[in-house]
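Observations on the three-dimensional arrangement
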Amino acid sequence: MRLHEYQSKQLFAKQGVPIPRGEVAETPAQVRAIAEKLGGAVAVKSQVLVGGRGKAGGIRLAKSPEEAEQLAAGIFELEINGLPVRKILVDEAAEISTEIYLGVTNDRTQGSPVLIASAEGGVEIEEVARTHPDKIARAWVDPLIGLRDYQARNLAAAMELPRQHWSEFSQMARGLFDTYWNSDATLAEINPLVITRQDQLLALDGKIVIDDNALYRHPELEQLRDLDEEAPSEREARGLGLSYVKLEGNIGCMVNGAGLAMATMDVIKGLGGEPANFLDIGGGAAAEKVAAAIQIILADPEVNSMMFNIFGGITRCDEVARGILMGLEQVPREVYLVTRLVGTNEELGRKILADAKMDTASSLVEAAEMVIEAAKMGVTE
Amino acid sequence: MRLHEYQSKQLFAKQGVPIPRGEVAETPAQVRAIAEKLGGAVAVKSQVLVGGRGKAGGIRLAKSPEEAEQLAAGIFELEINGLPVRKILVDEAAEISTEIYLGVTNDRTQGSPVLIASAEGGVEIEEVARTHPDKIARAWVDPLIGLRDYQARNLAAAMELPRQHWSEFSQMARGLFDTYWNSDATLAEINPLVITRQDQLLALDGKIVIDDNALYRHPELEQLRDLDEEAPSEREARGLGLSYVKLEGNIGCMVNGAGLAMATMDVIKGLGGEPANFLDIGGGAAAEKVAAAIQIILADPEVNSMMFNIFGGITRCDEVARGILMGLEQVPREVYLVTRLVGTNEELGRKILADAKMDTASSLVEAAEMVIEAAKMGVTE
Amino acid sequence: MSILIDKDTRVLVQGITGREGLFHASQMLDYGTQVVAGVTPGKGGDWVLDGKVPVFDTVERALAATGANCSVLFVPAKFAGDAMLEAGDAGVPLVICITEGVPIQDMMKVRRYLDQEGVRLVGPNCPGLLTPGESKAGIIPGRIADLGSIGVVSRSGTLTYEVLYALQQAGLGVTTCVGIGGDPISGTRFTDALQMFEDDHHTEAVVMIGEIGGEEEERAADFISSSMTKPVVAFIAGQSAPPGKRMGHAGAIIEAGSGKAADKVAALQSAGVSVAENPEAIPELLN
Amino acid sequence: MSILIDKDTRVLVQGITGREGLFHASQMLDYGTQVVAGVTPGKGGDWVLDGKVPVFDTVERALAATGANCSVLFVPAKFAGDAMLEAGDAGVPLVICITEGVPIQDMMKVRRYLDQEGVRLVGPNCPGLLTPGESKAGIIPGRIADLGSIGVVSRSGTLTYEVLYALQQAGLGVTTCVGIGGDPISGTRFTDALQMFEDDHHTEAVVMIGEIGGEEEERAADFISSSMTKPVVAFIAGQSAPPGKRMGHAGAIIEAGSGKAADKVAALQSAGVSVAENPEAIPELLN
């Protein structure tokens, strides 16, 4: 689960990380009021859960409350990478002298958190990693012992941060790490961490991603969830215990197992088709779940054909077959369907589908070829 | 620093460990009032920082508030192992069905906390260790990973605790361990941990010892310090940065270094003398500190002679010699003194003392022999 | 003959009285696995599966009574971290965590601890191990693989079954199939399994099934090019996956520009690995 | 010739700009120790001791610049735990913590961590090491010991000096003197030092100075009786100490019936160790 900039910075501030004074508004008038309260120049920042806000014009600087209101009105009209702007953070503008990057994430290979710092702040760290790998300093944190003060010093030294800022920098690194660790984050970053002309260190922008599997122990964070983060269909699927990712194509896919679902999409794509989604019904799904999954896939108007690829282990093919029929009953439009069933109760499942006069295939590639041809013919009514 | 039973139990309760309802009183009338409030039978328990309260009559059971007041009056008159009774804990009496021991301490050899449990509760665990070593179950806790739930279960299983109590027992173990860990304790124990006739688990008595070196990070615990815990002279010495332990003999000892101080006492005792104290002035002590140490030692009226044993490394012998003269000036009574100085600026130190007509010795044994003879002759005025 | 498990492996099932644990313990027994004990705290003394398997309250007791040397976990995600440590602390040398959804922080601690203690962890969020005809420790359907000379290692579940099935259809058998799981932090990684297959005299070739996310396939490519003599055939799932979206598995996500299928395919190919276009094409690449 | 340190040891002093650190660094230099670097965060770039020793901000940098292979810590107790880990993490193989008063919980974590990483820790609350005529890494006065064939290991400070002095007076020299420190949790224990002396060809006999508290002397007795061929002479301080009272050192306390001097003496004697009645009697027991 990804948090908004303003939510992230508030969590940082709770761990002692200095952030600019600021508040969140939902209307241009509120933006103006906040700007008046803050006094002076302000940053007007759209709060949407995608990257590229700056490029899209979602972050602007205003010299006066009037200008802030005016800019905000424009920003509230924006849709950034498909997401509407519902909230704007109004922050006191900082006079920036230096921009630094400071982040912490999980290093999968090491199996430990890694703190990453770079004197090249303000741009995406991946960009820095590509162009100036030598400008990135890392400190791996032993998960059993936690961040040590010297690790922050080592980073400061590696960045050649002027020594007068070390102590403040170390405190920010500590605050960032504690936020990350205490909230079961998979990523927490301050970018840019700025040194102001007044020689203050400040977290100007922030980002936190929480491990969904650990949310159960952070009910207070679950409440921060922005429902706009996901497409409504993805949200609905999550509620049903399904993994669903909407894509741009016209061939719906329903598969059991994430790897097999990806492979199925790959095969469709490889043979010239366009998958409309990723959908994993998980292991041992009952007919009702299969039926619900079909509803979600077919709610996408682009979908004109569908492929079921089920490799029955725990999942029983007959149960899936029943679910398919159940799901289709509730769908008022006709789409081409092909089903490939292998494994537990395979014969039973095939028979159910054959009785309903539905196409079945014996191999993944064969099924993909059938659905692609149907999709190209445009079976949609 | 050792905490009182009532302080320990309150800390346990903060971590979710169930304790009896109860309050602390400083007069028999308060005891009665608390007993009235609690209703029913109560335990009247002296709060002194030594063992053996029960044997000394410092813990009694009262059936009525009147009886509680009466018993308390007697207990307030007691002196238990030299300590006056200033506080009494009045606890609701529990109907005990089983007594268990549960404690956590540092295992020096393993370098880790060890949780110790025994079905033989209510007596000293050392006694159980001696008589029924097989009745003691231990779980070593990795200091980097903390107590795990299964470790508490393993203990419950080893004690053959009825399974219906496992969950409650595990929670108490967790609470005890958290108290120990979060307060930098070196010992935290619940003894007895009782199962009541109503099948409730309860920490009936508790004990916590805090690591003095870690008190700086627990100012709230430092405030719990009972000044009666130490003899006033020991407290004064601690304030001056001296390690002082009062003993029963008549030969005062002032030494630099704890090991050497013990060895000096041992030599005195081994040759037939009776050391009056342990005193380590530490490394590099200045003359003023030496003088203050002399004041503390000679404040003990039993002391009729004194031995200085200084092995100068960081400590300079001339500085110590000056301190000795300075200290003696402020003492209005005459005692026999012998000084053994070796090491840094040894000659200078000896000269200062010789000029003041004071005895010096070149070996530890020689010095001890001289002071013992003087002590036996009883030089006290 | 195999790696990690064989007919002598004595399996303990943690969480045996749960729905999943009981079902799969029964499947393992049916397959011929020596399922010698189960553990569910509070259920010690019971017997399950027609009285064939005793249940204990703690792993310590289960080990003392049965000499189990492998534990398969079906413990809920909340308690899985603790259960893995319990198994390791009690002295189980091989711990296989089937459970999905274990928090990453728990896994970082568990992996570090078990590494120190020299305990081999497989998973979490994995289908476990199968040595055809000898032992199944996990949930891989037994009948889709025959004994043979191909080692299989995979981050996926049903995709692995698909590959096993394709091998079987092509008449190719397997030494051991290792499901290392789809989480970002796994106990056993591709390189570990590849090393074991390289060392196993009966394994003649290895099939490796990767997917988007992380850099383990790239590390495997390095390992293959530096340290492997046996041929490796790979398939990488997720070529059509969009960046920034988690594809079912916690670990299957392209983020910060890393973890792309194309990069993995390229790395493997330059290490001399044949990369299949689809799972069903794997058997012919082995010839 | 010696254990742990010799003339080639390159010493780094953590906390070198503090009063104690600077004084003892200077003493070490005077003794002939190769003091190659100091570390004080925020003081990097300075030079101390007449410009002889460069100061760095971090151990990492000090190591990169000077190749130090031993660190002696004079860091305040609050920061000592962190400093020991910093040294270990930077790759210092031998860490000597002179600092007194480090919290026990810190030491439990540090010891566990450094053990894992294979770093040898001596101390805390110890006088450090002295290999006469070659190197001094700590605060043991150099002039009270000559090179010879006796290994000395001790939990104490000035009592050790007393013993070294007695040996010197008796014309006996020392291979290395190891002050393991008076805290309950120490990096190096008697058994570790005894093993090293047993393995050192130049050490012919060992003097061991214990005190009340803990059971390390008893463990040493077991070790001596099972694994040592060289003669050991011991002295145990605290025979006259009352139970339940901490005698200066954090670790010097008889508690819960354990840690008594008499028990230690008995254990050592039954392991064939000659136990001296007083420190000055040690030399004659070596003959």
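Residues numbered from 1 in each chain as written. Chains lettered and ligands numbered in written order. Predicted model: local features only at pLDDT ≥ 70, side-chain atom pairs only at ≥ 80, totals over all residues. Heavy atoms only, no water.

So, about the environment of His249(D). Tracing the backbone through its elements, the reader meets His249(D) in the loop between β13 (232-237) and α8 (261-270). Residue classification places His249(D) among the buried residues on the basis of a relative accessible area of 8%. Discounting chain neighbours no more than four positions away, the residues touching His249(D) are Ala258(B), Gly259(B), Asn125(D), Arg155(D), Ser156(D), Gly182(D) and Glu211(D). (Helix = DSSP H or I, 4+ residues; strand = E, 2+ residues; numbered from the N terminus. Buried < 20%, exposed > 50% of the residue type's maximum accessible area, 1.4 Å probe, protein only. Contact = heavy atoms within 4.5 Å.)

At a closest axis distance of 9 Å, the pairing of helix α5 (residues 149-159) of chain A and helix α3 (residues 77-90) of chain D adopts a crossing angle of 55 degrees. Judged by the angle between their axes, α5(A) and α3(D) are oblique. Contact with α5(A), carried on its side by Asp149(A), Tyr150(A), Gln151(A), Arg153(A) and Asn154(A), involves Asp82(D), Leu85(D), Glu86(D) and Asp89(D) of α3(D) and no other residues of that element. (Axes fitted to C-alpha atoms, helices over the stretch in contact; angles between N-to-C directions. Parallel < 35°, antiparallel > 145°, perpendicular 65-115°, else oblique.)

You can read the domains of chain A as domain 1 (21-92), domain 2 (96-222) and domain 3 (231-377). One C-alpha centre belongs to domain 1 of chain A, the other to domain 3 of chain A, and the line joining them spans 43 Å. (Domains from an automatic or database assignment.)

The next subject is the interface of chain C and chain D. In this complex, chain C contributes four residues to the contact, which on the side of chain D involves four residues. The contact between chain C and chain D buries some 240 Å² in all, and 21% of this surface belongs to carbon and sulfur atoms. Linking chain C to chain D there are two salt bridges. The salt bridge involving Arg112(C) is made with Glu117(D); its shortest N-O contact spans 3.3 Å. Our count for the contact surface shared by chain C and chain D stands at three residue pairs in polar contact (both at pLDDT 80 or more). Residue composition of the side of chain C that touches chain D, grouped by class: one nonpolar, one polar and two charged. (Buried area = accessible area lost by both parts, 1.4 Å probe. Salt bridge = Lys/Arg side-chain N within 4 Å of Asp/Glu carboxyl O. Polar contact = N/O pair within 3.5 Å; in protein donor to acceptor, adjacent residues only side chain to side chain. Nonpolar A, V, L, I, M, F, W, Y, C, P; charged D, E, K, R; others polar.)

So, on to unusual backbone geometry. For the bond running from Asn191(B) to Pro192(B), omega is 5 degrees, close enough to zero to count as cis. With respect to the helices and strands, the residue Pro192(B) is situated in strand β11 (residues 185-196). Cis geometry marks the peptide bond from Gly123(C) to Pro124(C); its omega dihedral reads 10 degrees. Summarising the element assignment, Pro124(C) is placed in the loop between β7 (120-122) and β8 (128-131). Positive phi outside glycine occurs at Asp199(A), with the angle close to 65 degrees. The residue Asp199(A) is located in the loop between β11 (185-196) and β12 (201-203) in this model. With phi around 55 degrees, Asp50(C) is a residue other than glycine that occupies positive phi space. Take Asp50(C): it is sitting in the loop between β3 (47-48) and β4 (53-56).

What follows is about the side chain of Thr99(C). All names here are of chain C. Note that Thr 99 resides in the loop between β6 (94-97) and α4 (104-117). A residue is classified by how much of its surface remains accessible, and Thr 99, at 9% relative accessible area, is buried. If near-sequence neighbours (up to four positions away) are discounted, Thr 99 is found in contact with Leu 73, Phe 74, Val 75, Pro 76, Ala 77, Ala 80, Pro 124 and Asn 125.

A few words now on helix α7 (residues 216-227) of chain C. All names here are of chain C. The end-to-end C-alpha distance of α7, which contains twelve residues, comes to 16 Å, matching closely the 16 Å that a straight helix rising 1.5 Å per residue would cover. All buried positions along α7 are accounted for by Glu 216, Glu 217, Glu 218, Ala 220, Ala 221, Phe 223 and Ile 224. On its buried face, α7 sits against α6 (190-199), β12 (205-211), β13 (232-237) and α8 (261-270). (Expected span 1.5 Å × (residues − 1).)

Attention now goes to the pairing of strand β12 (residues 205-211) of chain D. Residue and element names in this part refer to chain D. The element β12 is extensively covered by neighbouring structure, given that seven of its seven residues are classed as buried. Here β12 shows a buried face lined by Ala 205, Val 207, Ile 209 and Glu 211 and a second buried face lined by Val 206, Met 208 and Gly 210. Both strand β10 (residues 147-154) and β12 contribute to a ladder of five bridges, which runs parallel. When the bridges of β12 are listed, Ser 154 appears paired with Ile 209. Pairing between β12 and β13: six bridges, direction parallel. Bridging across to β13, Met 208 finds its partner in Ala 234. Traced from β12 through helix α7 (residues 216-227) to β13, the parallel crossover comes out right-handed. (Pairing = 2+ DSSP bridges. Right-handed = clockwise from strand over helix to strand, strands pointing away.)

Using the criterion set out here, one finds 86 salt bridges over all chains in the structure. With a closest N to O distance of 3.6 Å, Arg322(B) and Glu319(B) form a salt bridge. Here Glu319(B) and Arg322(B) lie together in helix α11 (residues 317-329), a separation of three residues that amounts to about one turn. The exposure class of Glu319(B) is buried, given its relative accessible area of 18%. The salt bridge involving Lys7(C) is made with Asp8(C); its shortest N-O contact spans 3.9 Å. Take Lys7(C): its relative accessible area is 53%, and that puts it in the exposed class. The class of Asp8(C) is partly exposed, set by a relative accessible area of 49%. Through salt bridges with shared partners, one network takes in Glu5(A), Lys9(A), Lys45(A), Arg53(A), Asp91(A) and Asp205(A).

To continue, consider the relation of the copies chain C and chain D. Overlaying chain C with chain D gives an RMSD of 0.0 Å, the required rotation being 180 degrees about an axis along which the chain moves by 0.0 Å. Both copies of the chain, as the preceding transformation shows, are related through a two-fold rotation axis. Considering only C-alpha atoms, the part of chain C nearest the rotation axis is Gln116(C), at 3.7 Å. Of the interface residues in chain C, 100% have counterparts in chain D that sit at the interface too, so the contact is made through matching surfaces. (Least-squares fit on C-alpha atoms with pLDDT ≥ 70 in both.)

Another point: the sheet that holds β4(C). Sheet strands pair via backbone hydrogen bonds, and the direction of the pair is either parallel or antiparallel. Residue and element names in this part refer to chain C. Strand order in the open sheet formed by seven strands is β3-β4-β2-β1-β5-β6-β7, with mixed pairing between adjacent strands. The open sheet has two free edges, formed respectively by β3 and β7, since each of these has just one partner strand. Relative to β6, strand β5 (residues 70-73) runs parallel, the two being bridged by three bridges. Paired with Leu 73 across the strands is Cys 97, a residue of β6.

To continue, consider empty space enclosed by the protein. The final tally for this structure, using the stated rule, is four cavities of 30 Å³ or more. Size it by volume and the largest cavity reaches roughly 120 Å³. Forming the walls of the largest cavity are 15 residues, and the residues nearest its centre are Arg155(C), Asp183(C), Pro184(C), Ser186(C) and Glu216(C). Quantified by volume, the second largest cavity comes out at close to 100 Å³. Surrounding the second largest cavity, 13 residues form its lining, Arg155(D), Asp183(D), Pro184(D), Ser186(D) and Glu216(D) being those nearest its centre. Its residues assigned to classes, the lining of the second largest cavity shows three nonpolar, four polar and six charged. (1 Å grid on protein atoms, 1.4 Å probe; cavity = no way out; pocket = protein on both sides within 12 Å on 5 of 7 lines; lining within 4 Å. Points joined across faces, edges and corners; volume = space filled by probe spheres on them.)

Turning next to the domain arrangement of chain C. Much of the literature gives interface size as the accessible area that the parts lose upon coming together. All names here are of chain C. Looking at the assigned domains, one finds that chain C contains domain 1 (10-122) and domain 2 (140-286). For domain 1 and domain 2, the distance between their C-alpha centres works out to 26 Å. Of the residues lining the interface, ten residues belong to domain 1; the matching set on domain 2 comes to 13 residues. Buried surface at the junction of domain 1 and domain 2, both sides included, amounts to about 990 Å², of which 53% is carbon and sulfur. Here domain 1 is connected to domain 2 by one salt bridge. Here Asp 192 makes a salt bridge to Arg 120, at a shortest N to O gap of 3.7 Å. Summed over the shared surface of domain 1 and domain 2, the result is three residue pairs in polar contact (both at pLDDT 80 or more). Elements that contribute at least two residues to the side of domain 1 that touches domain 2 include exactly α4 and β7. Residue contributions to the side of domain 1 that touches domain 2 peak at five residues, all from α4. Here the side of domain 1 that touches domain 2 is built from residues that sort into seven nonpolar, no polar and three charged.

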